[in-house]
Amino acid sequence: MKKSTNRSTLLTTLLVLALICQSCEQKHQEETKEVKKEVLAEPEKPEYFLLRPEVEKAYGYSHAVKIGNDIKISGAVSMDDEGNPTAIGDLEQQMKNCYADLDKILKHFGCTFDDVVKEDIFTTDMAQMLEKSAYRAEIYKNGFPTGSWLEVKGLALPEFMVEIELEVHKPE
């Protein structure tokens, strides 16, 4: 009888342990599924912005692309809505026209020049650019972004004297 009781106790204990293990395994699988669900995220889709749609489509580019909190802005030049150069021969006015267009793009995304982290300037006349660069202090009131200034042989059209491109980080 004692053997039978010990055997029954042993079988009951084994059955209870098996049920506990099975329950733990099911719980672990459910937790793993939850973790997997959290890890799988939709890739962010780029948001494209065209400042002058006809001009940009004709030349094959977007003026700005936003992915997540980052915005890349193509080089702005001094042109009218039809793509014709403006302020020909006046580097300072061309620079102001570039910043006016860049400001429109920043506003579209809810940003300001304070959100700019990188600014690259291409010019056909570095000496004149250096003379006129003080204007940038009116644009960047809270500090200048990183960037490069490069003198180039030419830009898209011979009348363009300056082109400015930006990288922006939009805060949450």
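It should be emphasised that the depicted structure is a prediction, and the values quoted were computed from it without experimental measurement.

## Here's the deal with the environment of Ala58
For Ala58, the location among the structural elements is in helix H2 (residues 53–59). Taking the relative accessible area as the measure of exposure, Ala58 reaches 64% and is therefore exposed. For the pair Ala58 and Gly83, spaced 25 residues apart in sequence, the C-alpha separation works out to 9.9 Å.

## Some remarks on the environment of Ile67
Following the sequence through the fold, Ile67 ends up in strand S2 (residues 64–67). By relative accessible area, Ile67 is classed as partly exposed at 44%. The sequence separation of Ile67 and Glu47 amounts to 20 residues, and the corresponding C-alpha distance is 6.5 Å. Contacts of Ile67, omitting those with residues within four sequence positions, involve Glu44 and Pro46.

## Observations concerning the pairing of S2
On S2, burial follows the alternation: Ala64 and Lys66 on one face are buried, whereas Val65 and Ile67 on the facing-out side are not. Inspection of the sheet shows strand S1 (residues 47–49) paired to S2 by three bridges, in the antiparallel sense. Residue Tyr48 lies in a different strand from S2, and its bridge partner there is Val65. Where S2 hands over to strand S3 (residues 70–76), the hairpin turn is made up of two residues, of which Gly68 adopts a positive phi near 65°.

About the criteria used
- Residues numbered from 1 in each chain as written.
- Predicted model: local features only at pLDDT ≥ 70, side-chain atom pairs only at ≥ 80, totals over all residues.
- Heavy atoms only, no water.
- Helix = DSSP H or I, 4+ residues; strand = E, 2+ residues; numbered from the N terminus.
- Buried < 20%, exposed > 50% of the residue type's maximum accessible area, 1.4 Å probe, protein only.
- Contact = heavy atoms within 4.5 Å.
- Pairing = 2+ DSSP bridges.

Function cannot be inferred from these measures alone, as they are strictly geometric.
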